[in-house]
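One-letter residues, chain by chain:
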Amino acid sequence: MAAELPDERLAQLKNTFAAIDTDGDGYISESELKKHFPDLPAEALGAMSQAADSDQDGRYSLEEFIRTVS
């Protein structure tokens, strides 16, 4: 899926991912999402988990993030 994106958009998404992934482990956790988006309602987190977390491991990889926001 990332191969279909223009290089500039892919770079933008990678930078956004890195900004949210504050511990730098290559995944976005629910706590990192809450820190980055403090006003995000719990229902939105739950919906995102259902739609975006394809392997249901409780965190979002770069691939899952790109698939969700692009």
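It should be emphasised that the depicted structure is a prediction, and the values quoted were computed from it without experimental measurement.

S.K.: If you had to explain helix α4 (residues 62–69) to someone new, which residues and values would you point to?
M.R.: Residues Glu64, Phe65 and Ile66 constitute the buried set of α4. On the buried face of α4, the contacting elements are α1 (7–20), β1 (27–29), α3 (42–52) and β2 (59–61).

S.K.: Go over the packing of aromatic side chains with me, naming the residues and quoting the values.
M.R.: A full pass over the atoms with the stated rule returns one aromatic pair. A cation over an aromatic ring shows up here: Arg59 above the ring of Tyr27, its NZ or CZ 3.5 Å from the ring centre.

S.K.: Can you break down α3 residue by residue, with the values?
M.R.: Along α3, the residues that are buried comprise Leu45, Met48 and Ala52. Across the axial projection of α3, the buried residues extend over an arc of 65°, all falling on one side. In α3, the exposed positions angled more than 90 degrees off the buried face are occupied by Ala42, Glu43, Gln50 and Ala51. The secondary structure elements touched by the buried residues of α3 are α2 (30–36), β2 and α4.

S.K.: With reference to specific residues and values, describe unusual backbone geometry.
M.R.: You will see that Gln56, though not glycine, has its phi angle at about 55°, which is positive. Positionally, Gln56 belongs in the loop between α3 and β2. Take Gln56: its relative accessible area is 48%, and that puts it in the partly exposed class.

Basis of the calculations
Once a new chain begins, its residue numbering starts again from 1 and follows that chain's sequence as written. Owing to the predicted nature of the model, reporting of local features is limited to residues with pLDDT of at least 70; listing and counting of side-chain atom pairs is limited to 80 or more, with chain, interface and lining totals taken over all residues. No hydrogens and no water enter the side-chain calculation; it runs on all heavy atoms of the structure. In this scheme, a residue with accessible area under 20% of its type's maximum is buried, one over 50% is exposed, and one in between is partly exposed, where area comes from a 1.4 Å probe on protein chains only. The helix count covers DSSP runs of H or I at least four residues long, the strand count covers runs of E at least two residues long, and both are numbered beginning at the N terminus. The contact definition used throughout considers only heavy atoms, calling two residues in contact when any of these lie within 4.5 Å. Here the aromatic set is Phe, Tyr and Trp, taking the six-membered ring for Trp, and pairing holds for ring centres within 6.5 Å; pairs whose planes are under 30 degrees apart are stacked, those over 60 apart are edge-to-face, and all others are tilted. Here, a charge over a ring means that NZ of Lys or CZ of Arg falls within 6 Å of the ring centre while also lying within 35 degrees of the ring normal. The arc in question is the one spanned by the directions pointing from the helix axis to the C-beta atoms.

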